[in-house]
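Letter by letter, the chains look like this.
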Amino acid sequence: MEIEPIHVALRCLFCDAAFTDKDVEKKEPESGDLITCAAFGQGNDYDSVLEVANEKGTAEMKGILEKKFAEEFKKLFK
Amino acid sequence: MEETVLAILNHIVAFMEQNGSTRNTVFFDIDEKLVNEIYESTGHQYALEDLQKAADKCIVHEWISRKSISEKYHYLVISEKGVGIVRSIRAQELAKKNRKPLKKLSDFIEEHKGLMVVLMFFVALAGVFVKFVGG
């Protein structure tokens, strides 16, 4: 069973706009950094942005896996 | 960010910190009890209707979510995004507090661009006036 990787965009907690490379001053932000959303102008706690994206990605992957397992299960009884 | 929205989110995160609870175990209602609790902790007296409007906004932006289909403002939980909002605002306030004097001056100028233009205009006007009167 092959699962396609999913990509989850990092989004502003305040306005939900996706962050672009321009928004992030550092190439690789670290824990505790603030990244400012160009659209909303508010600093976002980098750890929280990651956690929200992680939660969203996990939920999305859970849905994909459930669908895949259901398909595989059906195949067993064909 | 609206004050009432922040009041709700801040209150819930403060409650979590005081009781060592995670966000999934803290349920709350938007009612008179919450109005009183926020008043006791912040000293701000908000109207219940204002907090309900703020809760609507929080639900739309997924900062809080409903865990019950009964009453609209009953059995609510704060989301990861909602906790992130509080963390972001706290981190920003801390960063603002720890700025160096030069950075504070630079930010002040940045925030008051219009005022600076007016000030520069008057300085230039004064310069021209002095030049004519003095000359």
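Asks: Give me the lowdown on helix α6 (residues 113–134) of chain B, citing residues and values where you can.
Replies: The end-to-end C-alpha separation of α6(B) is 31 Å, in line with the 32 Å expected for 22 residues at 1.5 Å each. Within α6(B), only zero of the 22 residues are buried, which leaves it mostly out in the open.

Asks: Describe the domain arrangement of chain B, and please don't skip the residues or the numbers.
Replies: Looking at chain B, the domain boundaries give domain 1 (3–94) and domain 2 (99–134). Relative placement of domain 1 of chain B and domain 2 of chain B: their C-alpha centres are 42 Å apart.

Asks: I'd like a description of the packing of helix α1 (residues 3–19) of chain B against helix α4 (residues 80–97) of chain B, backed by residues and values.
Replies: All names here are of chain B. Between α1 and α4, whose axes approach to 9 Å, the crossing angle comes to 95 degrees. By the angle class used here, α1 and α4 are roughly perpendicular. Counting all contacts with α1, which are made through Leu6, Leu9, Asn10 and Val13, the residues of α4 involved are Gly82, Val83, Ile85, Val86 and Ile89. Of the residues in the contact of α1 with α4, the class split is seven nonpolar, two polar and no charged.

Asks: How would you explain the confidence of the model for chain B if you had to name every residue and give the values?
Replies: Chain-level statistics for chain B give a pLDDT mean of 92 and a share of 99% at 70 or above. Two summary scores accompany this predicted model of the complex, namely pTM at 0.79 and ipTM at 0.82.

The rules behind these values
Residues numbered from 1 in each chain as written. Chains lettered and ligands numbered in written order. Predicted model: local features only at pLDDT ≥ 70, side-chain atom pairs only at ≥ 80, totals over all residues. Helix = DSSP H or I, 4+ residues; strand = E, 2+ residues; numbered from the N terminus. Expected span 1.5 Å × (residues − 1). Buried ≥ 20, exposed ≤ 12 C-beta atoms within 10 Å, placed from the backbone. Domains from an automatic or database assignment. Axes fitted to C-alpha atoms, helices over the stretch in contact; angles between N-to-C directions. Parallel < 35°, antiparallel > 145°, perpendicular 65-115°, else oblique. Contact = placed C-beta atoms within 7 Å. Nonpolar A, V, L, I, M, F, W, Y, C, P; charged D, E, K, R; others polar. pLDDT = per-residue confidence, 0-100.

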